[in-house]
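Commentary on secondary and tertiary structure
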Amino acid sequence: MSISPSVDHLETWEQKGYVQFPGFLSETETNDLKEWVEQISSWPPDPEKWMHHFEQIGPIARPARTEYIIDFHDGLRRLLTTGKVPETAGSLLGQPVVLYKEKINYKYPGGGGYAAHQDAPAYEFVKLHITCSIAIDDATPENGCLYFAPELHREGLIHLNDQGCIEESKAKSLNWEPIPMKAGDALFFSSYAPHYSPFNQTDQSRRTLYLTYNALAEGDLRASYYADKRQAFAEAAKAGDQRMRVSKIGHFNGKPPEQS
C-alpha cells in the first residue's frame, strides 16, 4: 500500500528536517522484517559479500551493524527499492530517488551509541540524500532511540571535529528531541539534520533499519559508495588503526572486538 505524505507531514519535514510516520509498515510487513533481520544477523562473515561490523559487549563480540545486504536478500531488496519506502522518500525530497546505502544497526543490550553528528560528511558522492529509519524493535530513550536537534537541516555542516562529528561543546548547546518509535514506525530525516543516540541501557535489543536514498538525477552510486568504503576500511586496517569503525566518520562509541 502506498503512503503519500500529508500536508502536515510535508510541513513538519520542511520545518524540522525530519518527520515520523507511525505504523508505516503493516503488522505482516513488520513481522517479515523481523524474520529477515534474524536471518541476516546469523549470516557468517563474508568480506566479499555483506559487511558485518562487530562490537565487544561484556565478554561477547556481537553484531553492531550489517550493510550491503540487498544483493543477497530478495525480500529486503523489494522493500527497499520498490513501493512505499522509496516513493515516500521521493515525495519528501521532491524528486525520484534511488537507494544509496542500506544497513541494520542492532544495538543489543549494552550496545554502543552514536555521538552527535550529521550524516552528510559520510556521503561524499551525492548532494541530495534522505534517510528512512524503520524500527524493528520498539525504540525508547532507555534503549537508545534517536535524538534530533530540530530546524538545523538548512544550516550546512555544523562545527565538525576531526572525526567528522559535531564538536562536543556545540552538541551540548543544542536542543535535543527524543524520537521514540514502535516496531514498524518510520522516520525520514535529512542528512543534514543533527542527531545522536545513547547506548542501550536495557535488556532488550533496539534494532533499526536505515535506508539512505539520493536523487535519481545524481545517478545510481551505491556500488561506488561501497567500493570506496571497503577500500577506506582496508587502508585503515593496514595502517594499524584500532578504532571501532562502522563508517568513514568516527561517531560510533562501541568497543572494538577483542582479538582472540
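Residues numbered from 1 in each chain as written. Predicted model: local features only at pLDDT ≥ 70, side-chain atom pairs only at ≥ 80, totals over all residues. Heavy atoms only, no water.

The name that an unreviewed UniProt entry assigns to the protein is Dioxygenase protein, with the source organism given as Rhodopirellula islandica.

1. Focus on the packing of aromatic side chains
Scanning all chains against the criterion turns up 17 aromatic pairs. An angle of 35 degrees between the planes, with centres 4.6 Å apart, marks the rings of Tyr18 and Phe148 as tilted. Placement of the pair is Tyr18 in strand 1 (residues 18-21) and Phe148 in strand 7 (residues 146-148), with a sequence separation of 130 residues. Neither residue differs from the other here; Tyr18 and Phe148 are each classed as buried. Of note, Arg62 hangs over the ring of Tyr108, and the distance from its end group to the ring centre comes to 3.8 Å. (Phe/Tyr/Trp six-rings, centres within 6.5 Å; stacked < 30°, edge-to-face > 60°. Helix = DSSP H or I, 4+ residues; strand = E, 2+ residues; numbered from the N terminus. Buried < 20%, exposed > 50% of the residue type's maximum accessible area, 1.4 Å probe, protein only. Lys NZ or Arg CZ within 6 Å of the ring centre and 35° of its normal.)

2. Re the sheet that holds strand 9 (residues 186-190)
Taking strand neighbours across the sheet as the criterion, the seven strands line up as 1-9-6-11-4-3-2 in an open arrangement whose pairing is antiparallel. Edge strands, defined here as strands with exactly one partner in the open sheet, are strand 1 and strand 2 (51-57). Direction aside, the axes of adjacent strands within the sheet are offset by 20 degrees on average. Relative to strand 11 (residues 208-215), strand 4 (residues 97-105) runs antiparallel, the two being bridged by eight bridges. Note that in strand 11 the partner of Ile104 across the bridge is Leu209. (Pairing = 2+ DSSP bridges. Axes fitted to C-alpha atoms, helices over the stretch in contact; angles between N-to-C directions.)

3. Looking at the environment of Ile136
Note that Ile136 resides in the loop between strand 6 (129-135) and strand 7. Separated by 73 residues in sequence, Ile136 and Leu209 place their C-alpha atoms 6.9 Å apart. The residues contacting Ile136, other than those within four sequence positions of it, are Leu33, Lys34, Val37, Ile104, Ala183, Arg207, Thr208 and Leu209. (Contact = heavy atoms within 4.5 Å.)

4. Regarding the nonpolar core
Leu33 and Phe188 are the most contacted members of the largest nonpolar core, which totals 35 residues. Broken down by secondary-structure element, the contributors of at least two residues to this core are strand 1, helix 2 (27-41), helix 3 (74-81), helix 4 (84-93), strand 4, strand 6, strand 9 and strand 11. (Core = buried A, V, L, I, M, F, W, Y, C linked by side-chain atoms within 4.5 Å.)

5. Let's talk about unusual backbone geometry
Even without a glycine there, the phi angle at Lys107 is positive, about 45 degrees. Looking at the element boundaries, Lys107 is found in the loop between strand 4 and strand 5 (114-117). The buried category is assigned to Lys107, whose relative accessible area is 4%. We note that His159 has phi near 45 degrees; this positive angle belongs to a residue other than glycine.

6. Points about the side chain of Asp137
Along the chain, Asp137 turns up in the loop between strand 6 and strand 7. Asp137 sits in the buried class, given a relative accessible area of 10%. A distance of 2.8 Å separates a polar side-chain atom of Asp137 from the backbone nitrogen of Arg207. Asp137 has contacts with Lys34, Met181, Ala183, Ser205, Arg206 and Arg207, leaving out every residue within four places of it along the chain. (Polar contact = N/O pair within 3.5 Å; in protein donor to acceptor, adjacent residues only side chain to side chain.)

7. Details of helix 3
For helix 3, every residue scored as buried is listed here: Gly75, Leu76, Leu79 and Leu80. Viewed along the axis of helix 3, the buried residues span an arc of 120 degrees, placing them on a single side of the element. For helix 3, the secondary structure elements touched by its buried residues are helix 2, helix 4, strand 4 and strand 11. Positive backbone phi, approximately 85 degrees, marks Gly83, located one or two places after helix 3. (Arc of directions from axis to C-beta.)

8. Let's talk about the packing of helix 2 against helix 3
Between helix 2 and helix 3, the shortest axis-to-axis distance is 10 Å and the interhelical angle comes to 125 degrees. Judged by the inter-axis angle, helix 2 sits oblique to helix 3. Helix 3 is crossed by helix 2, and the crossing has left-handed handedness. When helix 2 is examined against helix 3, the residues Leu33, Trp36 and Ile40 are found in contact with a partner set consisting of Gly75, Leu76 and Leu79. Partitioning the contact of helix 2 with helix 3 into residue classes produces five nonpolar, one polar and no charged. (Parallel < 35°, antiparallel > 145°, perpendicular 65-115°, else oblique. Left-handed = near helix turned anticlockwise from the far one by under 90°. Nonpolar A, V, L, I, M, F, W, Y, C, P; charged D, E, K, R; others polar.)

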